[in-house]
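Each chain, written out:
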Amino acid sequence: APTTRDALLRRRLQGWVDDGEPTLDDWRTLLSEHASDPLEGPCVHADDRGYGTRCSTVVRLPVTGGIAFFHADGRPCVTPYEDLSAEALAAFARPG
């Protein structure tokens, strides 16, 4: 059965389909959202249960090629995303 988080994500993603391609800031805003039930938001804070969001990654694969790879090494609500696109491109490059 769909959860509250599923419904939230579906609403946001549908809006993006209607409005055009989301920016990294759009993704960060979405992935940083919290819910009244701490297990139902995209960013989970359930420290009393030893559970929660530990990191966040946004990957974009443009049809024109290349890769955009952003990683927050912590909860996205408090940790900035680092652009690791060059490293990701090198890691996925075909040898020779």
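Given the structure is predicted, the values throughout are model-derived calculations rather than measurements.

1. Let's talk about the state of the cysteines
One pass over the structure, following the stated rule, counts zero disulfides. Here Cys-55 stays free of any disulfide, with the sulfur of Cys-43 as its closest cysteine sulfur at 11 Å. Free cysteine: Cys-77, not disulfide-bonded; nearest cysteine sulfur from Cys-43 at 3.7 Å.

2. Points about the pattern of salt bridges
Counted by the stated rule, this structure contains two salt bridges. Here Arg-12 and Glu-33 are joined by a salt bridge, their closest N and O atoms 3.1 Å apart. Here the residue Arg-12 occupies a position in helix α1 (residues 4–19), and Glu-33 occupies one in the loop between α2 (24–31) and β1 (45–46), the gap between them amounting to 21 residues. Looking at Glu-33, the relative accessible area reads 19%, which means it is buried. Asp-47 is the partner of Arg-75 in a salt bridge, and the nearest nitrogen-oxygen pair spans 2.5 Å.

3. Section: α1
Its 16 residues place the ends of α1 23 Å apart at the C-alpha level, agreeing with the 22 Å of an ideal helix rising 1.5 Å per residue. Phi for Gly-20, located one or two positions after α1, is positive at around 110°.

Quick notes on the rules
- Residues numbered from 1 in each chain as written.
- Predicted model: local features only at pLDDT ≥ 70, side-chain atom pairs only at ≥ 80, totals over all residues.
- Heavy atoms only, no water.
- Disulfide = S-S within 2.5 Å.
- Salt bridge = Lys/Arg side-chain N within 4 Å of Asp/Glu carboxyl O.
- Helix = DSSP H or I, 4+ residues; strand = E, 2+ residues; numbered from the N terminus.
- Buried < 20%, exposed > 50% of the residue type's maximum accessible area, 1.4 Å probe, protein only.
- Expected span 1.5 Å × (residues − 1).

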